Amino acid sequence: MITLQGLTKKYGGQAAVDNLSLTIAAGRVTGFLGPNGAGKSTTMRMIMGLDHPTSGQALVGGRAYADLAYPLREIGALLDAKAVHPGRSARAHLRALARTNGIPVGRVDEVLETVGLTSVANRRAGSYSLGMGQRLGIAGALLGNPGVVMFDEPVNGLDPDGVRWIRGLMRGLAAEGRTVFVSSHLMSEMQLTADHLVIIGKGRLITETSVKELIDSSSLNAVRVRGAEQEGLKMLVARLHESSVAVRWESHNELYITGLTVDRVSDLAFELGIRLHEVRSVEASLEQAYMELTADSVEFGAAAGRPHPGA
Ligand SMILES: Nc1ncnc2c1ncn2[C@@H]1O[C@H](COP(=O)(O)OP(=O)(O)OP(=O)(O)O)[C@@H](O)[C@H]1O
């Protein structure tokens, strides 16, 4: 479990992280989302004791990082995959880490196996591809068999196979009861990987919610209706307007209706004697729900139109 209590970091009077208080629970994958510059990396660095909070604190299993006798046994993190000496082999790097953290050296071969680097373990880390470097970083994070793992943008630049592997790994670690805290800008990936979300903007907490709750709250969830003829759809639209239901024409024979269930729309069409060829619910994606929520917190964005279902 990770606990943030009024966590604040200021650079030159400007708050990069602003009074964050929350608990990141064990046994699930918590996605850490927010626009560029929102303060995600700074928060993670403070959890790992790499940056000092201006005020407040970050606790791992109830203790500050600096108070952990063997930190790697409590928390493992992939913050910067390039933080490995390029001249060292993966095995030598992990052995050095194990020795300085009171971890049995035999554990090195286990984590090399877990991340699939056994066959290249004696090669210089400097010769590794981006994906291999990420795997080595993750091996380091898992070395102490910690109860808490934290990954900053772990799938950046990885091929689909690597992305899938990391997804499976994170889900597996959470299923073992560990705390998994992961930042990413890839919403489609977070929708598949995360159970819970912490969303920040400009250093402040915007919301903490489950993936499902966030998607359910989107105004972009709708019922899509395709009619046999336009006249019938016009009758339906007139009836919906009478009841102040939001409805939008997508094309001459297609409507998006917000705030009614598929059953209710079907019943209404039946009552009006309208022939329909399709009625189905369209769920917003995590990306769409996220964009709606964070529209006011994007610091460096291009002007863009509002997304719509099916976009
Ligand atoms: N060492 C530093 N000195 C000054 N400002 C900093 C420093 N580190 C971070 N910042 C500022 O703090 C803010 C938060 O940055 P941070 O890297 O934590 O955001 P982020 O959410 O991880 O962004 P991204 O998604 O782009 O990686 C930014 O405005 C950044 O410029």
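Refer to the structure above for everything that follows.
Residues numbered from 1 in each chain as written. Predicted model: local features only at pLDDT ≥ 70, side-chain atom pairs only at ≥ 80, totals over all residues.

Brief notes about the nonpolar core
Thinking step 1. Core analysis: the largest hydrophobic core is formed by 76 residues, its most contacted members being Ile 2, Val 111, Ala 139, Leu 143, Met 150, Met 170 and Val 180.
Thinking step 2. Sorting elements by how many residues they give to this core places helix α6 (residues 160-175) first, with six residues.
Thinking step 3. Among residues more than four places away in sequence, those in contact with Ile 2 are Ile 24, Ile 47, Ala 58, Val 60, Val 148, Thr 179 and Phe 181. (Core = buried A, V, L, I, M, F, W, Y, C linked by C-beta atoms within 7 Å. Buried ≥ 20, exposed ≤ 12 C-beta atoms within 10 Å, placed from the backbone. Helix = DSSP H or I, 4+ residues; strand = E, 2+ residues; numbered from the N terminus. Contact = placed C-beta atoms within 7 Å.)

What about the pairing of strand β7 (residues 148-152)?
Thinking step 1. When you tally the buried positions in β7, you get five out of five residues, the bulk of the element.
Thinking step 2. Side chains of β7 alternate between two faces, with Val 148, Met 150 and Asp 152 and Val 149 and Phe 151 buried alike.
Thinking step 3. When strand β6 (residues 75-78) meets β7, the two strands line up parallel, connected through four bridges. Its bridge partner being in β7, Leu 78 is matched across the sheet by Phe 151.
Thinking step 4. Bridge count for β7 against strand β8 (residues 179-183) is five bridges, and the pairing is parallel. In the strand pairing of β8, Val 149 is matched with Val 180.
Thinking step 5. In this fold, the crossover linking β7 to β8 by way of α6 has right-handed handedness. (Pairing = 2+ DSSP bridges. Right-handed = clockwise from strand over helix to strand, strands pointing away.)

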